[in-house]
Amino acid sequence: MKRFLFLVFIIALALDGSGRSYYNTVDNGFGGLFPHPGMQMKGRYKAISGDVLVEENASMGNAVTIDTMMITARSYRYQLRLANLNNKQGKTRSIKNPFTGANTTITSPQWGLIFNSDESGNYCAVVMSCDNSTPYDDITDRRTMQVTLVQRTEGEVQELARVTLDRGVAMEDGFNNLSVDVDGSSVNVAIGKDELQQVIEATVPRAAGPVQVGYLVGPGSRVALERAVLTTGDAMAATGSIATSAPCWTRERLDSLFATSTDPNEGYWRYLDRDMQDEWLLMGGRYTLALVATAGGYDILYIDGGRVNRSMWKMGMVKGHMTKTSFTGNYDLDWIDATMEPLGDEDAWATIENGVILTLNYPLYKSQVRYSRVLSPGQ
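Small disclaimer: the values here were computed from a predicted structure and weren't measured. (Residues numbered from 1 in each chain as written. Predicted model: local features only at pLDDT ≥ 70, side-chain atom pairs only at ≥ 80, totals over all residues. Heavy atoms only, no water.)

Asker: Please clarify how the overall build of the protein should be interpreted in this entry.
Answerer: When you go through the protein residue by residue, the secondary structure sums to 1 helix and 29 strands. Across the 379 residues of the protein, 51% fall into the buried class. Contacts spanning at least 24 positions in sequence make up 57% of the contacts within the protein whose residues lie at least 6 apart. Counting every atom, the protein has about 17,600 Å² of accessible surface; 49% of that belongs to carbon and sulfur. (Helix = DSSP H or I, 4+ residues; strand = E, 2+ residues; numbered from the N terminus. Buried < 20%, exposed > 50% of the residue type's maximum accessible area, 1.4 Å probe, protein only. Contact = heavy atoms within 4.5 Å. Areas by Shrake-Rupley, 256 points an atom, 1.4 Å probe, with all protein chains shown as cover.)

Next up, the structure:
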């Protein structure tokens, strides 16, 4: 099972603006997305298979699964990791029209993310579909993905924005990460196979009351969902006791602190090397970090070097915490990954050797990353 499965779940009747996260994975039976095991409806089948939730839609209309969680917060982020197992290029699906009895061939099945769903059945959706430019010409054929932002109001669907991608996403039946950030009427959509890239920015009216989120399975699609994470709060970057938002450290403040510090570990640390299992854990960047002493250990601050979600990370944001243990030079480690979520490894730990090598160990993912001490980020 890859890194993308989390181990901590917070269940509530509603998520407000206090900054909390709600996870749906195989570890909690996909929570509010799958309340009734063995669910089967006409033209639609849903089941947990291994570490994913699989839903197949053999009907003519979109199958929409809405999470039972109600959202009252102004700002929230909803992230899915999902794949369309019926998206192999060159393959088609045949569905019988219940009104005419004729078969309809589906060549570009759709799947995606639902957000801002209200009690009237109105919602917004980020819909994905793939197609080939010239399917029967191996030389000129080019496969692309269309990502479309739509709004459904009183049964009518309006397209708000569309982008065509030819790289950075899984074009067939592989998994993609899909994310939507909502702040009032402001919406940002990001997608990527290995790292998120922002693709759509739009203004979308939102219902005054609570809203819900979920996923969409278009006609002929068979969607596998590995995880769904809903994060709420004013900053959307606060989860548990770790907050990445509102950087309080500037380069000048850090330089001034380190110039007079007597703590041998306070200062800047730059990426040195790694020993990682890429099938379990992926690098978010070759970071430069700063350690700032606290009463119980050190805050780890982001300085630069991010690659995944680079635009979201600002100098001075908290990247993690190191808490002192009874062993000199050894610390319990809390780490925030590139998607601004806790890593989910309770056994993570860090060591500092001779004040020059910082090692971050992630035993659950059989990986470690080392950093070397530098006088300043520019050196």
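Having seen it, we continue.
Asker: How should I be thinking about the side chain of Arg-77 in this particular structure?
Answerer: For Arg-77, the location among the structural elements is in strand β8 (residues 75-84). Look at Arg-77 and you get buried, because its relative accessible area is 4%. Reaching out from Arg-77, the side chain makes a polar contact with the side chain of Asp-181 at a distance of 2.7 Å. (Polar contact = N/O pair within 3.5 Å; in protein donor to acceptor, adjacent residues only side chain to side chain.)

Asker: Could you clarify how one ought to interpret the environment of Arg-206 in this entry?
Answerer: Among the secondary structure elements, Arg-206 is positioned in the loop between β17 (197-203) and β18 (212-217). Of the residues examined, Arg-206 reaches a relative accessible area of 22% and is grouped as partly exposed. Considered as a pair, Arg-206 and Tyr-123 are 83 residues apart in the sequence and their alpha carbons are 9.0 Å apart. Look past the residues within four positions of Arg-206 in its chain and what remains in contact with it is Ile-71, Thr-72, Ala-73, Arg-74, Tyr-76, Asn-116, Val-182, Gly-184 and Val-211. Of the polar contacts made by the side chain of Arg-206, one reaches the backbone oxygen of Ala-73; its length is 2.7 Å. In terms of polar contacts, Arg-206 uses its side chain to reach the backbone carbonyl oxygen of Arg-74, at 2.8 Å.

Asker: How should the sheet that holds strand β13 (residues 143-153) be read in this particular structure?
Answerer: Taking strand neighbours across the sheet as the criterion, the 6 strands line up as β6-β18-β11-β12-β13-β14 in an open arrangement whose pairing is antiparallel. The sheet is open, and its two edges are formed by β6 (63-66) and β14 (156-165), each paired on a single side. Strand-to-strand twist in this sheet, taken as the mean axis angle between neighbours without regard to direction, amounts to 25°. Both β13 and β14 contribute to a ladder of 9 bridges, which runs antiparallel. When the bridges of β14 are listed, Arg-152 appears paired with Val-157. (Pairing = 2+ DSSP bridges. Axes fitted to C-alpha atoms, helices over the stretch in contact; angles between N-to-C directions.)

Asker: When you look at the pairing of β8 in this model, what are you seeing that I'm missing?
Answerer: Within a regular strand, side chains alternate between the sheet's two faces. In terms of burial, β8 is a largely internal element, 10 of the 10 residues being buried. The pairing of β8 with strand β15 (residues 176-183) spans 8 bridges and is classified as antiparallel. Within β15, the residue paired with Ser-75 across the bridge is Asp-183. Bridge count between β8 and strand β19 (residues 222-232): 9 bridges; the pairing is antiparallel. Residue pairing for β19: Tyr-78 is matched across the bridge by Leu-230.

Asker: Where do I start with the nonpolar core in this structure?
Answerer: Among soluble globular proteins, nonpolar side chains are generally buried collectively. Counting 46 residues, the largest nonpolar core has Tyr-78, Phe-115, Met-145, Val-147, Ile-191, Ile-200 and Leu-225 as its most contacted members. Those residues in contact with Met-145 that lie beyond four places of it in its chain are Trp-111, Met-128, Ser-129, Cys-130, Val-163, Thr-164, Leu-165, Val-169, Ala-170, Met-171, Asn-176 and Ile-191. (Core = buried A, V, L, I, M, F, W, Y, C linked by side-chain atoms within 4.5 Å.)

Asker: Could you clarify how one ought to interpret unusual backbone geometry in this entry?
Answerer: When glycine is set aside, most residues are seen to have a negative phi, and most peptide bonds are trans. The backbone of Asn-116 shows a phi angle near 55°, a positive value even though the residue is not glycine. For Asn-116, the position within the fold is in strand β11 (residues 111-117). For Glu-154, which is not glycine, the phi torsion reads 50° and is therefore positive. Among the structural elements, Glu-154 can be located in the loop between β13 and β14.

Asker: Looking at this model, I keep getting lost on the confidence of the model for the protein. Mind explaining?
Answerer: Interpretation of this model should avoid reading the predicted coordinates in detail wherever pLDDT is low. For the protein, per-residue confidence averages 82 on the pLDDT scale, and residues scoring 70 or more make up 84% of the total. Mean pLDDT per element in the protein: strand β20 (residues 238-239) is the minimum at 35, and β11 is the maximum at 97. A low-confidence stretch, residues 1-13 (pLDDT under 50), is modelled with 46 contacts involving residues beyond four sequence positions or located in other chains. A low-confidence stretch, residues 234-247 (pLDDT under 50), is modelled with 38 contacts involving residues beyond four sequence positions or located in other chains. (pLDDT = per-residue confidence, 0-100.)

Asker: How should I be thinking about the pattern of salt bridges in this particular structure?
Answerer: The full count for this structure, using the stated rule, is 11 salt bridges. For the salt bridge of Arg-81 with Glu-226, the shortest nitrogen-to-oxygen distance reads 3.1 Å. Of this pair, Arg-81 sits in strand β8 while Glu-226 sits in strand β19, placing them 145 residues apart in sequence. Residue Arg-81 is classed as buried on the basis of its relative accessible area, which comes to 6%. Linking Arg-162 and Glu-159 is a salt bridge whose minimum nitrogen-to-oxygen distance equals 3.1 Å. Taken together, the shared-partner salt bridges in this structure form one network comprising Arg-44, Lys-46 and Glu-55. (Salt bridge = Lys/Arg side-chain N within 4 Å of Asp/Glu carboxyl O.)

Asker: Help me understand the pairing of strand β28 (residues 357-362) in this model?
Answerer: Burial runs high along β28: 6 of the 6 residues are buried. The alternating pattern of β28 places Ile-357, Thr-359 and Asn-361 and Leu-358, Leu-360 and Tyr-362 on opposite faces, both of which are buried. Across 5 bridges, the pairing between strand β27 (residues 349-353) and β28 is antiparallel. Its bridge partner being in β28, Trp-349 is matched across the sheet by Asn-361. Taking the residues between adjacent antiparallel strands as the criterion, β27 and β28 are bridged by 3 residues, where Asn-354 takes a positive phi near 55°. Across 6 bridges, the pairing between β28 and strand β29 (residues 367-374) is antiparallel.

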